[in-house]
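Overview (structure and organization)
Below, each chain spelled out in residue letters.
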Amino acid sequence: MSENIQSTLVEDRLFPPPAEFSAEAYIGDRKVLAELCARADADHTGFWGGLAKREISWDKPFSVVLDESRAPFFKWFTDGELNVSYNCIDRHLASRGTRPAILFEGEKGDRRTLTYRDLHTEVSRFANALKASGIVSGDRVVIYMPMIPEAVIAMQACARIGAIHSVVFGGFSAESLKDRIEDAGAKLVVTADGGNRGGKALPLKAAVDKALAGGCPSIQRVIVYNRCDLQPAMKEGRDVWWHELCATVPALCEPVAVGAEHPLFLLYTSGSTGKPKGVQHSSGGYLLHAIMTMRWVFDLRDSDVFWCTADVGWVTGHTYVAYGPLACGATQVIYEGVPTVPDAGRFWANVQQLGVSIFYTAPTAIRALMKFGDEIPARYDLSRLRLLGTVGEPINPEAWMWYHTVIGKERCPIVDTWWQTETGGHMLAPVPGCIPLKPGSCTTALPGISADIVDEEGTPITTPDAGGYLVIKKPWPGMLRTIWGDDDRYVRTYWGKFNNRYYLAGDSARRDKDGYYWIMGRIDDVLNVSGHRLGTMEVESALVAHPRVAEAAVVGRPDPIKGEGIFAYVVLRGERPAGGVDVVLTKELREWVSEQIGPIAKPDDIRYADNLPKTRSGKIMRRLLRSVAAGQDITQDTSTLENPAILAQLKGEV
Ligand code: WTA
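The present account deals with the structure reproduced in this document. Note that the structure is predicted; figures quoted are calculated from it, not measured.

So, about the overall build of the protein. Of the regular secondary structure elements, the protein holds 21 helices and 30 strands. A compact globule built from 654 residues would reach a C-alpha radius of gyration of about 26 Å, and the protein, at 24 Å, matches this within 12%. Dimensions of the protein, computed from the C-alpha atoms along their principal axes, are close to 75 × 65 × 60 Å. Residues classed as buried in the protein amount to 61% of the 654 residues present. Long-range pairs, those at least 24 residues apart, make up 72% of the contacts in the protein with a sequence separation of at least 6. Looking at the protein, you have 72 positive and 79 negative side-chain charges, and the mean spots of the two groups are 1 Å apart.

Pasting the structure below:
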């Protein structure tokens with residue numbers, strides 16, 4: 001542990017909020033923020049209860065704020081009832097029915113605007129389509145869609161009738177889709193023929209067919225949206241077209257009130273075992289966390305045009321596309337494609353043309369676009385931007401400075417937001433009107449979020465810059481409620497280490513002398529590739545499933561664009577390839593992993609060895625493998641290696 005937690009970054013530049021920004025900000029004064037935090041500290045439930053009353057439209061008010069009787073299975077606003085879709089759509093109709101909710105831009109340049117009224121109609125219709133397909137409250141619906149408004153419409157429609165959605169990222173393979181459908185026991189899949197990505201029509205329905213052919217007995221119906229005219233085969237009695245089904249159902253669908261703890265969605269994410277876990281979120285608490293962070297961190301105002309570039313397949317696309325902006329009545333941009341079509345100016349062209357004022361993306365995208373040079377963003381008018389944000393991985397100070405100067409013209413604060421699929425929304429993030437920024441730090445905990453850094457025993461670490469485990473010491477409304485179908489795994493993964501006292505985030509972090517948090521990386525076997533979580537064991541299981549592979553170990557390797565790249569060591573059944581090189585097999589294995597999991601999981605490099613470096617007790621020496629992958633000198637003790645000769649093979653020495 002301690003070896004994993006060493007900090008190397010020293011960054012002492014400080015960027016105070018621009019006065020013009022603070023003057024208009026939701027919270028523009030550090031004293032006000034400090035008071036808010038102090039109030040939350042003194043009365044945690046009173047603080048969150050008050051916000052929940054104010055920010056959410058309840059069908060039935062709650063009397064209990066927090067039920068801790070079955071901790072760590074915490075419940076919030078337990079006896080309250082609400083409908084999330086009502087809160088995101090219906091309640092805005094009177095005041096802003098004609099305001100654009102979604103400004104959609106297809107990769108090919110096609111545009112659509114959906115007002116709140118339009119969204120109301122579309123969501124209601126699709127909710128009726130789900131009902132007509134036999135979906136009732138509590139049923140699971142898998143959504144496997146491109147980044148088009150219908151993805152959000154499908155999610156909102158589920159929320160409207162109390163169905164639990166589980167969105168699977170369109171980049172995941174048929175195999176991954178099948179696993180998730182089966183684990184969730186979903187009754188229905190919503191998909192499209194395909195989506196436009198990278199100048200191509202990426203087929204989706206074909207992957208659904210493949211997944212269903214291999215299992216998924218619970219699926220009764222597949223609803224297919226026609227996006228690309230790919231004319232997929234439609235299975236009689238199972239598959240229906242979105243537009244045909246919607247034409248036959250009523251336009252009105254009343255939102256159904258559900259309990260605050262009713263599951264809103266499951267979202268599968270990687271952990272340290274081979275099997276992704278279905279993180280289960282609630283309705284009331286989750287919605288409140290989404291709303292509060294839209295205000296505190298994104299400083300949302302009525303005049304803003306908000307754009308979060310995340311796909312709905314990730315948690316960021318849930319909280320800051322499908323729910324948060326709509327719950328606050330905002331206007332937001334949804335973009336279908338990749339940032340480099342037709343060229344690397346696409347994001348900035350969208351910002352200019354759609355008048356984006358708040359822009360939220362991943363460091364990996366910033367690094368990739370930075371590579372194309374300053375001339376490209378310079379072609380666009382980015383003067384409407386007033387706030388920038390990052391999420392998913394630490395941002396290196398160089399990329400931060402580029403974002404700050406070239407995109408934000410030194411005028412826009414940057415909110416570096418630390419959070420997780422499990423936390424539901426931002427946890428450590430600056431309140432941009434009053435917190436001075438340090439490039440690479442997610443600054444401090446938000447009001448009502450009780451973060452700390454502790455040592456192996458759970459004792460808080462107070463020495464500045466000393467690394468430790470990042471923990472959250474009190475429950476918060478947006479937290480995950482459990483892992484779908486696996487309560488034990490929930491307790492073990494997040495609460496076991498510190499005896500149910502603290503939530504273990506799985507990240508290491510340090511706090512500097514000013515109390516700013518610096519995330520240092522995962523403490524488990526989870527990789528962060530382009531801001532996406534991937535378990536090393538998942539990739540290993542995929543490799544081992546190949547008939548020629550006997551054993552595999554996967555580690556991360558620093559990558560200038562992706563943050564982390566995937567490096568695999570493989571032991572074959574039979575002979576190691578001559579000289580350790582087999583170009584054909586390497587290509588085949590990379591494709592294989594891509595098919596098993598998805599293109600994001602493709603190993604960048606594969607090295608063949610006669611066996612893996614293990615200690616005498618049989619544990620794979622991952623740290624050693626990481627050093628080898630990074631091309632670093634081996635500082636670890638290799639004396640316990642069972643077969644010291646393989647070091648040369650691992651290093652790629654012939
Ligand atoms: C990492 C994404 C540094 C972290 C919302 C966390 C970050 C994991 C940041 C969660 C950040 C996320 N700085 N690291 N601002 N944000 N991470 O579940 O390791 O896809 O545990 O949620 O991403 O990834 P997830």
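After that view of the structure, there is still more to cover.
To continue, consider the pairing of strand 5 (residues 111-115). In this structure, strand 4 (residues 100-105) lies alongside strand 5, joined through five bridges in antiparallel fashion. Among the inter-strand pairings, Glu105 is bridged to a residue of strand 5, identified as Arg111. Hairpin connection, strand 4 to strand 5: the antiparallel pair is bridged by five residues, and Gly109 has positive phi, about 100°.

With that settled, consider the pattern of salt bridges. For side chains bearing opposite charge, pairing can occur when the charged atoms are close. Throughout the structure, instances matching the rule amount to 38 salt bridges. Between Asp183 and Lys275 there is a salt bridge whose closest N-O contact spans 3.2 Å. Placement of the pair is Asp183 in helix 8 (residues 174-184) and Lys275 in the loop between strand 14 (265-269) and strand 15 (277-281), with a sequence separation of 92 residues. Using a relative accessible area of 26% as the deciding quantity, one classes Asp183 as partly exposed. Residue Lys275 is classed as partly exposed on the basis of its relative accessible area, which comes to 47%. Because the salt bridges share partners, they merge into one network encompassing Lys205, Asp209, Arg238 and Asp239.

Once that is clear, we can look at the pairing of strand 28 (residues 549-559). Note: strand 28 against strand 29 (residues 563-572), 10 bridges, orientation antiparallel. Paired with Val555 across the two strands is Phe567, which belongs to strand 29. The turn joining strand 28 and strand 29, which pair antiparallel and follow one another in sequence, is formed by three residues.

The next thing to look at is the sheet that holds strand 29. If you trace the three strands from one edge of the open sheet to the other, you get 28-29-30, paired in mixed fashion. A strand with exactly one partner marks an edge of an open sheet, and here the two such strands are strand 28 and strand 30 (605-608). For this sheet, the mean inter-axis angle between neighbouring strands, taken without regard to orientation, is 25°. Of the strands in this sheet, strand 28, strand 29 and strand 30 are in contact with helix 19 (residues 583-596), which crosses strand 30 at around 125°.

All told, the structure shown has 38 aromatic pairs when counted by the stated rule. Taken together, a centroid distance of 4.7 Å and an interplanar angle of 75° make the contact between Phe298 and Tyr360 edge-to-face. You can see Phe298 sitting in the loop between helix 11 (284-296) and strand 16 (305-308) and its partner Tyr360 sitting in strand 18 (residues 358-361), a full 62 residues away along the chain. As far as burial versus exposure is concerned, Phe298 and Tyr360 are alike and both buried. Aromatic ring contacts, followed pair by pair, group Phe73, Phe74, Trp476, Tyr490, Tyr494, Trp495 and Tyr503 into a single cluster. Residue placement shows Arg180 over the ring face of Phe172; its charged tip is 4.4 Å from the ring centre. Between Arg501 and the ring centre of Tyr502, over which it is positioned, the NZ or CZ distance is 4.8 Å.

It is worth spelling out the packing of helix 7 (residues 149-161) against helix 12 (residues 315-327) at this point. Where helix 7 contacts helix 12, the axes come no closer than 11 Å and their chain directions differ by 65°. Of the two possible hands of crossing, helix 7 and helix 12 adopt the one that is right-handed. Along its contact with helix 7, which presents Val152, Met155, Gln156 and Ala159, the element helix 12 presents His318, Val321, Ala322, Tyr323 and Leu326. Per-class residue counts for the contact of helix 7 with helix 12 are seven nonpolar, two polar and no charged.

Bringing a nonpolar patch on the surface into the picture now. On the surface, Val581, Val583 and Val584 cluster together into a nonpolar patch covering about 320 Å² of accessible area. Within the secondary structure, Val584 is located in helix 19. For Val584, a relative accessible area of 63% corresponds to the exposed category.

All right, on to the site of the ligand then. Contacts to the ligand come from 17 residues, most closely from Asp416, Thr417, Thr421, Asp507 and Arg533. At a separation of 2.7 Å, a nitrogen atom of the ligand approaches a polar backbone atom of Thr417. Starting from 530 Å² of accessible surface for the ligand in isolation, the protein chains cover 95%. Those elements that provide at least two residues to the shell around the ligand are helix 12, strand 20 (414-417) and strand 25 (517-522). In the shell around the ligand, the residues fall into six nonpolar, six polar and five charged.

Rules used throughout
Residues numbered from 1 in each chain as written. Predicted model: local features only at pLDDT ≥ 70, side-chain atom pairs only at ≥ 80, totals over all residues. Heavy atoms only, no water. Helix = DSSP H or I, 4+ residues; strand = E, 2+ residues; numbered from the N terminus. Rg over C-alpha atoms; globule rule 2.2 N^0.38 Å. Buried < 20%, exposed > 50% of the residue type's maximum accessible area, 1.4 Å probe, protein only. Contact = heavy atoms within 4.5 Å. Lys, Arg positive; Asp, Glu negative; His and termini not counted. Charge placed at Lys NZ, Arg CZ, Asp CG, Glu CD. Pairing = 2+ DSSP bridges. Salt bridge = Lys/Arg side-chain N within 4 Å of Asp/Glu carboxyl O. Axes fitted to C-alpha atoms, helices over the stretch in contact; angles between N-to-C directions. Phe/Tyr/Trp six-rings, centres within 6.5 Å; stacked < 30°, edge-to-face > 60°. Lys NZ or Arg CZ within 6 Å of the ring centre and 35° of its normal. Left-handed = near helix turned anticlockwise from the far one by under 90°. Nonpolar A, V, L, I, M, F, W, Y, C, P; charged D, E, K, R; others polar. Patch = residues over 30% accessible without salt bridge, like charges linked within 9 Å, V, L, I, M, F, W, Y side chains within 5 Å. Areas by Shrake-Rupley, 256 points an atom, 1.4 Å probe, with all protein chains shown as cover. Near = heavy atom within 4 Å. Polar contact = N/O pair within 3.5 Å; in protein donor to acceptor, adjacent residues only side chain to side chain.

Scope: geometric values only; no functional claims are made or implied.
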